[in-house]
Amino acid sequence: MHCDRELDVKGLKCPLPILRTKKALSEMSSGDVLHVLATDPGSVKDFQAFAKQTGNELLSNAEGNQVFEFYLKRK
């Protein structure tokens, strides 16, 4: 999937992945796609809730080799 920016938050625990994602999205333009890599198992629920609360679109999420991938589209 196309992304405009990638953010690696592997090794960080809640709430840091969400806080870093929020900061990265604030520096991006509307419609841009952010690719996030995380290792915190709680990040799946966190990113779903974050997308609902902020209006940013969670395009996809997947897991492989204990790494969670998220694609978020900035509102």
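Nothing here was measured: the structure is a model prediction, and the numbers come from that model.

Conventions used here
- Residues numbered from 1 in each chain as written.
- Predicted model: local features only at pLDDT ≥ 70, side-chain atom pairs only at ≥ 80, totals over all residues.
- Heavy atoms only, no water.
- Phe/Tyr/Trp six-rings, centres within 6.5 Å; stacked < 30°, edge-to-face > 60°.
- Helix = DSSP H or I, 4+ residues; strand = E, 2+ residues; numbered from the N terminus.
- Buried < 20%, exposed > 50% of the residue type's maximum accessible area, 1.4 Å probe, protein only.
- Pairing = 2+ DSSP bridges.
- Axes fitted to C-alpha atoms, helices over the stretch in contact; angles between N-to-C directions.
- Contact = heavy atoms within 4.5 Å.

(A) Summary view of the packing of aromatic side chains. This structure, assessed with the given rule, holds one aromatic pair. Measuring from ring centre to ring centre gives 4.2 Å for F47 and F70, while their planes differ by 20°; the resulting arrangement is stacked. Of this pair, F47 sits in helix α2 (residues 43-54) while F70 is found in strand β4 (residues 67-73), placing the two residues 23 residues apart along the sequence. In this structure F47 comes out as buried when scored by relative accessible area, which is 0%.

(B) Main features of the sheet that holds strand β2 (residues 33-38). A sheet is described by the order of its strands in space; here four strands give the open sequence β1-β2-β4-β3, paired in mixed fashion. Because the sheet does not close on itself, it has two edges, and the strands there are β1 (5-8) and β3 (57-64). Strand-to-strand twist across the sheet, computed as the mean angle between neighbouring axes with direction ignored, equals 15°. Two strands pair when backbone bridges link them, and β1 and β2 are joined in this way by four bridges, in the parallel orientation. The partner of D8 across the bridge, within β2, is L37. Running at roughly 5° to β4, α2 makes contact with β2, β3 and β4 of the sheet.

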